[in-house]
Amino acid sequence: MVECIFCFLFAEIQTADDEKESKQKNQHRKKNKNVLNAVAQKPSGMDTYNIEGVSANEILKFVVTTFENGCTFEDFLLQCNLFPSSADIPRWFEKLMMQFHIFKNNEKIEYILPYVKTAGVCSSYNNRQNPGECNNVNCRFLHVCRRFVRNIYCNFKGCKLAHDFTNQHNSPLIERFGLENLRENQIKTVLNNQFPSICRDYNFNERCKVGTKKCVNLHLCGSYKFGKCEKPCKYKRTHKLNNNHNKWVLRAFQMNSWPHDKILKSIYVPPKRAPRYSNNDEGDLDHNKNIDDDDDDVYKSSDFIDLDENFVPPKAESSDSSSDEDES
Ligand SMILES: [Zn+2]
Ligand SMILES: [Zn+2]
Ligand SMILES: [Zn+2]
Ligand SMILES: [Zn+2]
């Protein structure tokens with residue numbers, strides 16, 4: 001009798017275990033299910049819109065690997081076959097404000113720029129007085145050299161900061177951000193999209209080749225960002241964050257209601273010359289070779305926002321005063 005109860009209990013436990021195991025297996029299978037075979041869940045009118053088998057990380061990886069960075073929505077739709085045909089793709093993106101900056105024209109998505117809202121580089125770790133020191137034992141930001149992330153030559157003499165995402169502190173974070181399947185350069189791209197950058201062409205050259213409400217970078221005087229240019233602008237660039245183009249960019253970054261100073265502080269001003277880096281990871285090993293580039297420009301680029309001195313962009317080659325107003 002006793003034996004029987006034991007048998008019974010044992011059988012019960014076994015069944016529960018089996019069920020658990022098969023549940024786990026199912027979940028595992030679900031996770032690994034090929035996204036190509038995804039089936040759309042009916043839009044529920046709720047605040048979330050999930051499409052079974054389509055993961056945000058997967059789509060982010062697709063965009064970063066296919067387009068190197070962001071892309072027009074048109075190009076995305078042409079090239080991406082990861083969604084089932086019944087899916088409302090624009091709606092799906094609009095619910096994903098934590099992983100894509102959405103640029104819209106006339107309520108239609110024009111451009112998508114991948115980023116991860118929680119993924120950032122630790123500024124304490126990058127401080128100039130005691131580089132590499134962050135006193136927060138639970139720091140959730142990456143302990144990595146900011147210049148390395150920006151792909152600009154790191155000119156701290158004998159920089160002691162980490163130049164990889166694979167150390168003990170960084171690798172669990174990279175996983176938490178869902179970036180573990182990306183290559184080093186792709187991780188940098190995602191990190192650098194967190195906040196808006198000033199358009200290199202607008203700032204340093206005659207004009208932006210992409211154009212108003214198409215270029216996803218701010219059209220703003222880089223010197224103004226550093227508080228080094230008063231009105232009227234010496235370089236014939238705009239100081240307005242609230243012109244049509246800049247408002248459009250800031251809206252995509254969900255920063256349109258931020259205080260002016262906070263926006264200015266978060267903006268990145270790239271160095272004059274595009275850093276020479278290739279798409280493969282070996283290219284990263286070469287990043288120090290950029291010393292041949294105009295070192296001054298590199299030094300004067302931000303992110304070390306308040307600490308960089310004497311940022312002086314060259315004067316506009318064009319005397320075309322219309323470059324000040326890029327409203328259209
Ligand atoms: Zn830190
Ligand atoms: Zn460094
Ligand atoms: Zn531009
Ligand atoms: Zn200016």
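Under the annotation held in an unreviewed UniProt entry, the chain carries the name C3H1-type domain-containing protein and is attributed to Mytilus coruscus.

Asks: Just to check I follow, could you spell out the coordination of the zinc ion (ligand 4) for this structure?
Replies: A metal bound by six donors in octahedral fashion has ideal angles of 90 or 180 degrees, whereas one bound by four tetrahedral donors has an ideal angle of 109.5 degrees. Here the zinc ion (ligand 4) is held by the protein donor atoms Cys-221 (SG), Cys-229 (SG), Cys-233 (SG) and His-239 (NE2), which lie 2.1 to 2.4 Å from it. Its four donor atoms give the zinc ion (ligand 4) angles of 100 to 118° at the centre, a pattern that matches the tetrahedral case.

Asks: I tried to follow the coordination of the zinc ion (ligand 3) on my own but got confused; where do I start?
Replies: The coordination sphere of the zinc ion (ligand 3) contains the protein donors Cys-199 (SG), Cys-208 (SG), Cys-215 (SG) and His-219 (NE2), at a distance range of 2.2 to 2.4 Å. One can describe the donor arrangement at the zinc ion (ligand 3) as tetrahedral, given that its four donor atoms subtend angles of 100 to 114° at the metal. Here the donor residues of the zinc ion (ligand 3) share one chain and are spaced in sequence as C-x8-C-x6-C-x3-H. On the criterion of sequence distance, the pair formed by Cys-199 in the loop between helix H7 (184-192) and helix H8 (200-204) and Cys-215 in the loop between H8 and helix H9 (222-225) is long-range, its members being 16 residues apart.

Asks: How should the pattern of salt bridges be read in this particular structure?
Replies: If charged atoms from side chains of opposite charge come close, those side chains can pair. In this structure the tally under the stated criterion is four salt bridges. Between Lys-104 and Glu-94 there is a salt bridge, with the nearest N and O atoms lying 3.3 Å from each other. With Lys-104 in strand E2 (residues 100-105) and Glu-94 in helix H4 (residues 89-94), this residue pair connects regions lying ten residues apart in the sequence. Owing to a relative accessible area of 28%, Lys-104 belongs among the partly exposed residues under this scheme. The closest approach of N and O atoms between Lys-214 and Glu-110, which form a salt bridge, is 3.2 Å. Of this pair, Lys-214 sits in the loop between H8 and H9 while Glu-110 sits in strand E3 (residues 108-114), placing them 104 residues apart in sequence. When salt bridges that share partners are traced, they join Glu-94, Lys-104 and Glu-107 into one network.

Asks: Hey, could you run me through the side chain of Asn-127 in this one?
Replies: Position of Asn-127 among the secondary structure elements: in the loop between E3 and helix H5 (146-149). Among the polar contacts listed, one links the side chain of Asn-127 to the backbone oxygen of Ser-124, at a separation of 2.5 Å. Among the polar contacts listed, one links the side chain of Asn-127 to the backbone nitrogen of Asn-130, at a separation of 2.6 Å.

Asks: Quick question: what am I supposed to make of the nonpolar core here?
Replies: The tendency in soluble globular proteins is for nonpolar side chains to be buried as a group. With 48 residues, the main nonpolar core has Ile-59, Phe-76, Phe-83, Trp-92, Phe-93 and Ile-112 as its most contacted residues. Elements represented by at least two residues in this core include exactly helix H2 (56-67), helix H3 (73-79), H4, E2, E3, H5, helix H6 (170-176) and H7. Broken down by element, this core gets its largest block of residues, seven residues, from H2. What Phe-93 contacts, discounting residues up to four positions off in sequence, is Ile-59, Phe-73, Phe-76, Phe-83, Phe-100, Ile-102, Ile-109 and Ile-112. Judged by nonpolar contacts, the second largest core, of 24 residues, contains Tyr-235, Leu-241, Leu-250 and Leu-264.

Procedures and definitions
- Residues numbered from 1 in each chain as written.
- Chains lettered and ligands numbered in written order.
- Predicted model: local features only at pLDDT ≥ 70, side-chain atom pairs only at ≥ 80, totals over all residues.
- Heavy atoms only, no water.
- Donors = N, O, S within 2.8 Å, 3.2 Å for Na, K, Ca; no water.
- Tetrahedral: all angles 85-135°; square planar, octahedral: opposite > 155°, others 65-115°.
- Helix = DSSP H or I, 4+ residues; strand = E, 2+ residues; numbered from the N terminus.
- Salt bridge = Lys/Arg side-chain N within 4 Å of Asp/Glu carboxyl O.
- Buried < 20%, exposed > 50% of the residue type's maximum accessible area, 1.4 Å probe, protein only.
- Polar contact = N/O pair within 3.5 Å; in protein donor to acceptor, adjacent residues only side chain to side chain.
- Core = buried A, V, L, I, M, F, W, Y, C linked by side-chain atoms within 4.5 Å.
- Contact = heavy atoms within 4.5 Å.

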